[in-house]
Amino acid sequence: MITKTKKSVSISKSLLKELDFFNKEISTSEFIERALIHYINELKRQKRGQRDIEIINANAKRFNKEAEENLKFQAIG
């Protein structure tokens with residue numbers, strides 16, 4: 001079972017109005033919780049992508065050298 005904690009947040013009236021317009025199915029708290037989960041997961045995905053790019057860039061010289069060697073080998077064969 002997940003324990004819920006109350007937290008007070010301030011949200012503009014215009015944003016709450018939009019939330020009410022689009023959300024008729026679940027409570028406001030549930031809607032905001034789902035939105036936060038989605039947003040946090042997106043931030044995690046972006047962070048993983050950035051780490052992947054850093055790893056690729058750190059190894060680019062080695063990857064390029066291996067690719068050149070493979071191309072030379074294919075040209076000979």
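Residues numbered from 1 in each chain as written. Predicted model: local features only at pLDDT ≥ 70, side-chain atom pairs only at ≥ 80, totals over all residues. Heavy atoms only, no water.

Caption draft 1: Inspection of the overall build of the chain at higher detail. Within the chain, the regular secondary structure consists of three helices and zero strands. Reading the chain from its N end, one meets helices and strands in the order α-α-α. Computed over C-alpha atoms, the radius of gyration of the chain comes to 24 Å, more than 25% over the 11 Å expected from 2.2 N^0.38 for 77 residues, which places it beyond the range of a compact globule. The dimensions of the chain, computed from C-alpha atoms along their principal axes, are 70 × 25 × 25 Å. Within the chain, the proportion of its 77 residues that are buried is 3%. Looking at the chain as shown, the accessible area adds up to about 7,800 Å², and 59% of this sits on carbon and sulfur atoms. Looking at the chain, you have 16 positive and 11 negative side-chain charges, and the mean spots of the two groups are 5 Å apart. (Helix = DSSP H or I, 4+ residues; strand = E, 2+ residues; numbered from the N terminus. Rg over C-alpha atoms; globule rule 2.2 N^0.38 Å. Buried < 20%, exposed > 50% of the residue type's maximum accessible area, 1.4 Å probe, protein only. Areas by Shrake-Rupley, 256 points an atom, 1.4 Å probe, with all protein chains shown as cover. Lys, Arg positive; Asp, Glu negative; His and termini not counted. Charge placed at Lys NZ, Arg CZ, Asp CG, Glu CD.)

Caption draft 2: Region of interest: the pattern of salt bridges. Under the definition given, this model contains four salt bridges. Its salt-bridge partner being Arg62, residue Glu66 comes within 3.2 Å of it at the nearest N-O pair. Taken together, the residues span about one helical turn, with Glu66 and Arg62 both in helix 3 (residues 60–76) at a distance of four residues. (Salt bridge = Lys/Arg side-chain N within 4 Å of Asp/Glu carboxyl O.)

Caption draft 3: Broad picture of the packing of aromatic side chains. In total, this model carries one aromatic pair according to the counting rule given. Relative to Phe22, the ring of Phe21 lies with its centre 5.0 Å away and its plane at 90°, an arrangement referred to as edge-to-face. By relative accessible area, Phe21 is classed as exposed at 58%. (Phe/Tyr/Trp six-rings, centres within 6.5 Å; stacked < 30°, edge-to-face > 60°.)

Caption draft 4: A look at the confidence of the model for the chain. Model confidence for the chain is summarised by a mean pLDDT of 91, while 99% of its residues fall at 70 or above. When mean pLDDT is compared element by element in the chain, helix 2 (residues 28–58) scores highest at 94, while helix 3 scores lowest at 86. (pLDDT = per-residue confidence, 0-100.)

Caption draft 5: Region of the structure containing a nonpolar patch on the surface. Taken together, the side chains of Val9, Ile11, Leu15 and Leu16 make up a nonpolar region of the molecular surface, amounting to roughly 320 Å² of accessible area. Positionally, Leu15 belongs in helix 1 (residues 13–22). (Patch = residues over 30% accessible without salt bridge, like charges linked within 9 Å, V, L, I, M, F, W, Y side chains within 5 Å.)

Caption draft 6: Main features of a positive patch on the surface. A cluster of like positive charges, contributed by Lys44, Lys47, Arg48 and Arg51, occupies part of the molecular surface. Within the secondary structure, Lys47 is located in helix 2. Residue classification places Lys47 among the exposed positions, given a relative accessible area of 55%.

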